[in-house]
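Geometric and topological summary
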Amino acid sequence: MKPSRPITAKLLRVEVLSGLVVALALIPEAISFSIIAGVDPSIGLFASFTMAVTIAIVGGRPAMISAATGAIALVVAPLSIQHGLGYLIAAVILGGVFQIILGSLGVARLMRFVPRSVMVGFVNALAILIFMAQVPELRDVPWPVYPLAAAGLALMVLFPRITKAVPAPLVSIVALTVITVAAGIAVPTVGDKGELPSSLPGLGLPDVPFTLDTLTLIAPYALAFALVGLMESLMTAKLVDDITDTRSNKTRESIGQGIANIVTGFFGGMGGCAMIGQTMINVKNGARTRLSTFLAGTFLMVLCIVFGPVVSDIPMAALVAVMILVSVGTFDWHSIRPATLKRMPIGETLVMLVTVAVVVATHNLAIGVVVGTITAMVIFARRVAHLVNVSSVTDPDGGRVVYAVTGELFFASSNDLVHRFDYSGDPEHVTVDLTDAHIWDASTVAALDAVTTKYEQRGKTVEIIGLNEPSAKMHGDLSGELAGSH
């Protein structure tokens, strides 16, 4: 896809500074996710570098940040802890292959089945997870952490009123680092999370036996990795589309995620996907092109290798403040206003709450989206099922009755159809008029067969009329073939 706008000096400044803020925010998260996955901090940092740089080139959504993520770390952690780093990296490469296959098969098109209420639930759950991830950094810590975090938040809220030329999170991180170092305040720093790498990652193959046993061991993890990664990335891409009023190529993004994970695996990284928190920082800072994503990855390595000692001195309080502000900005506050809840159908609100509850309980965005979407489909099916109506008119001579059926006929609405006819009381000739109805599935054909059979058992004839073309085809193909369905 072409860049969304020509590169100007102003745009370049926004992209560069935004990339720098994102890189600083990526470091502690990448280290934390490495710890979750049971690997060395450098594995998460390498993954964030290779993912961001690769996806900037091959991805389908400009300005979206991909790096090592918590959801991916949770999927691969059992494999890494039980079997070691080699198997983790092999699973990342295979997961990338699965993502390319799924992307090529058009899995991105399934996104249209994710309802708005699930999307709102996803965003709100994400904001809650981002906030919850910061809570451990504020527990059992020296008291100066609290005023530092508060000062960081105040700076980020007030600084944009003075100027928006420099991103407020960057100012906050620099200011708090200078204060803590100059005043010698002892608070937890980025360096306490783990040692930063001192050299670039090297290319290599995973250290595992290339056997069928290895494949059967890593395949389930690789498939889960591929699905979680794609779902998070596609949901995040859709969110960025909405915020920036632009469209992105979801199929290209799906395949790009696969390529980025394969590259990351060969460089010894732990894999990843789109990162909602960092993407929000990037987009809210005004970044709109691939340049910010590329620079976030590049700056990440430069910061680790060249400025390692300086970055190690950044107080965690500064980064916690950035992420708290991101979580507040990410949450859709409009969705929980009493006025909105009053107007919104109860089913929509329920779907949103189910999505939030499942994501927060499992810490897995993919499970929440699937459960939320299934809930929405069940509610939709129930709603549509009640829209079927059957009315009857008997001829004046009493020799024929015409039943007019209106609505969408599918499994949820047609199961009740059989009980809407008066088999004993009706005259000998029965006409079922489906002019204002549509047959969607085999359940409906089976229900109509059951109606016909019940009349025939009483020596009455049934004629079904008014079928539109698709309904007539389905009825013609399946009628009489579904014995045992009634």
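Before reading further, recall that the structure is shown in the block above.
All of the points below concern the structure found in this document. (Residues numbered from 1 in each chain as written. Predicted model: local features only at pLDDT ≥ 70, side-chain atom pairs only at ≥ 80, totals over all residues. Heavy atoms only, no water.)

1. Observations concerning the overall build of the protein chain
Along the protein chain, the regular secondary structure elements total 19 helices and seven strands. Along the three orthogonal principal directions, the C-alpha set of the protein chain runs to about 100 × 60 × 50 Å. By the burial criterion, 52% of the 486 residues in the protein chain qualify as buried. A separation threshold of at least 6 residues defines the contact pool for the protein chain, and within that pool the share at least 24 residues apart is 85%. Summed over all atoms, the accessible surface of the protein chain reaches about 21,800 Å², with 65% contributed by carbon and sulfur. Counting 30 positive and 33 negative side-chain charges, the protein chain places the centres of these two groups 12 Å from one another. (Helix = DSSP H or I, 4+ residues; strand = E, 2+ residues; numbered from the N terminus. Buried < 20%, exposed > 50% of the residue type's maximum accessible area, 1.4 Å probe, protein only. Contact = heavy atoms within 4.5 Å. Areas by Shrake-Rupley, 256 points an atom, 1.4 Å probe, with all protein chains shown as cover. Lys, Arg positive; Asp, Glu negative; His and termini not counted. Charge placed at Lys NZ, Arg CZ, Asp CG, Glu CD.)

2. Regarding the packing of aromatic side chains
Per the counting criterion, the structure on display carries six aromatic pairs. Residues Phe421 and Tyr455 carry aromatic rings whose centres are separated by 6.3 Å and whose planes lie at 85° to one another, so their mutual orientation is edge-to-face. With Phe421 in the loop between α17 (411-414) and β5 (429-433) and Tyr455 in helix α18 (residues 442-457), the pair connects residues that are 34 residues apart, well separated along the chain. Across the pair, Tyr455 and Phe421 agree in class, each one buried. An aromatic cluster is present here, built from Tyr403, Phe421, Tyr423 and Tyr455 joined pairwise through their rings. The ring of Tyr423 has Lys454 sitting right over it, with the charged end atom 6.0 Å from the ring centre. (Phe/Tyr/Trp six-rings, centres within 6.5 Å; stacked < 30°, edge-to-face > 60°. Lys NZ or Arg CZ within 6 Å of the ring centre and 35° of its normal.)

3. Some remarks on a nonpolar patch on the surface
Together, Val302, Val306, Phe307 and Val310 line one region of the surface with nonpolar side chains, adding up to about 340 Å² of accessible area. Tracing the chain through its elements places Phe307 in the loop between α11 (290-305) and α12 (308-312). Using a relative accessible area of 42% as the deciding quantity, one classes Phe307 as partly exposed. (Patch = residues over 30% accessible without salt bridge, like charges linked within 9 Å, V, L, I, M, F, W, Y side chains within 5 Å. Salt bridge = Lys/Arg side-chain N within 4 Å of Asp/Glu carboxyl O.)

4. Description of helix α5 (residues 116-134)
Side chains of residues three or four places apart in an α-helix project in the same direction, reflecting 3.6 residues per turn. Between its terminal C-alpha atoms α5 stretches 28 Å, which fits the 27 Å expected from 19 residues at 1.5 Å a residue. In terms of burial, α5 is largely enclosed, as 14 of its 19 residues are buried. (Expected span 1.5 Å × (residues − 1).)

5. Describing the side chain of Thr340
Tracing the chain through its elements places Thr340 in helix α14 (residues 338-343). Given the relative accessible area of 7%, Thr340 is considered buried. With sequence-adjacent residues up to four places away left out, Thr340 is seen in contact with His334 and Ser335.

All we've got here are geometric facts, nothing functional implied.
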